[in-house]
Amino acid sequence: MLHTRVRDIASKGEGELTAVTHELHSDGRVVRIAHVRPTSGIEWTTSADNIQAALLPIEH
């Protein structure tokens, strides 16, 4: 889903999925982090499990 419009179900925000990274926690767990950039350009992160495809395409 990289570079497609997604919705963060936790914040209800929408934007382009720009990356998914892995974060290692001190207890050994690896968490997938989604990076989402809305049209405002101010990117945020959320758990990759909170991401779902949005209906409308992103205009560039």
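The structure under discussion appears in the preceding block.
Residues numbered from 1 in each chain as written. Predicted model: local features only at pLDDT ≥ 70, side-chain atom pairs only at ≥ 80, totals over all residues. Heavy atoms only, no water.

Right, let's get into the sheet that holds strand 4 (residues 44-47). Taken together, the 5 strands give an open sheet; going across it, the order is 4-3-2-1-5, and neighbouring strands pair in antiparallel fashion. Strands at the two margins of the open sheet, each flanked by one partner only, are strand 4 and strand 5 (51-53). Ignoring which end each strand starts from, the neighbouring axes of this sheet average 45° apart. Sheet topology note: the strand 1 (residues 5-8)/strand 5 ladder contains 3 bridges and is antiparallel. Bridge pairing in strand 5 links Asp8 to Ile51. (Pairing = 2+ DSSP bridges. Helix = DSSP H or I, 4+ residues; strand = E, 2+ residues; numbered from the N terminus. Axes fitted to C-alpha atoms, helices over the stretch in contact; angles between N-to-C directions.)

The residue Thr46 is located in strand 4 in this model. For Thr46, a relative accessible area of 10% gives the class buried. There is a polar contact of 3.4 Å between the side chain of Thr46 and the side chain of Asp8. Excluding anything up to four places from it in sequence, Thr46 contacts Asp8, Arg32, Ile33, Ala34 and Ile51. (Buried < 20%, exposed > 50% of the residue type's maximum accessible area, 1.4 Å probe, protein only. Polar contact = N/O pair within 3.5 Å; in protein donor to acceptor, adjacent residues only side chain to side chain. Contact = heavy atoms within 4.5 Å.)

Here the focus is the nonpolar core. Across soluble globular proteins, nonpolar side chains have a tendency to be buried as a group. Core analysis: the largest hydrophobic core is formed by 6 residues, namely Val6, Leu17, Ala34, Val36, Ala48 and Ile51. With residues near it in sequence (within four places) discarded, Ala48 still touches Val20, Arg32, Ile33 and Ala34. (Core = buried A, V, L, I, M, F, W, Y, C linked by side-chain atoms within 4.5 Å.)

Turning our eyes to something else, we now look at the pairing of strand 4. The two faces of the sheet receive side chains in turn, since in a regular strand these alternate between them. Two strands pair when backbone bridges link them, and strand 3 (residues 30-37) and strand 4 are joined in this way by 4 bridges, in the antiparallel orientation. Bridging across to strand 4, Ile33 finds its partner in Ser47. Connecting the antiparallel pair strand 3 and strand 4 is a turn made up of 6 residues, with Gly41 showing a positive phi of about 90°.

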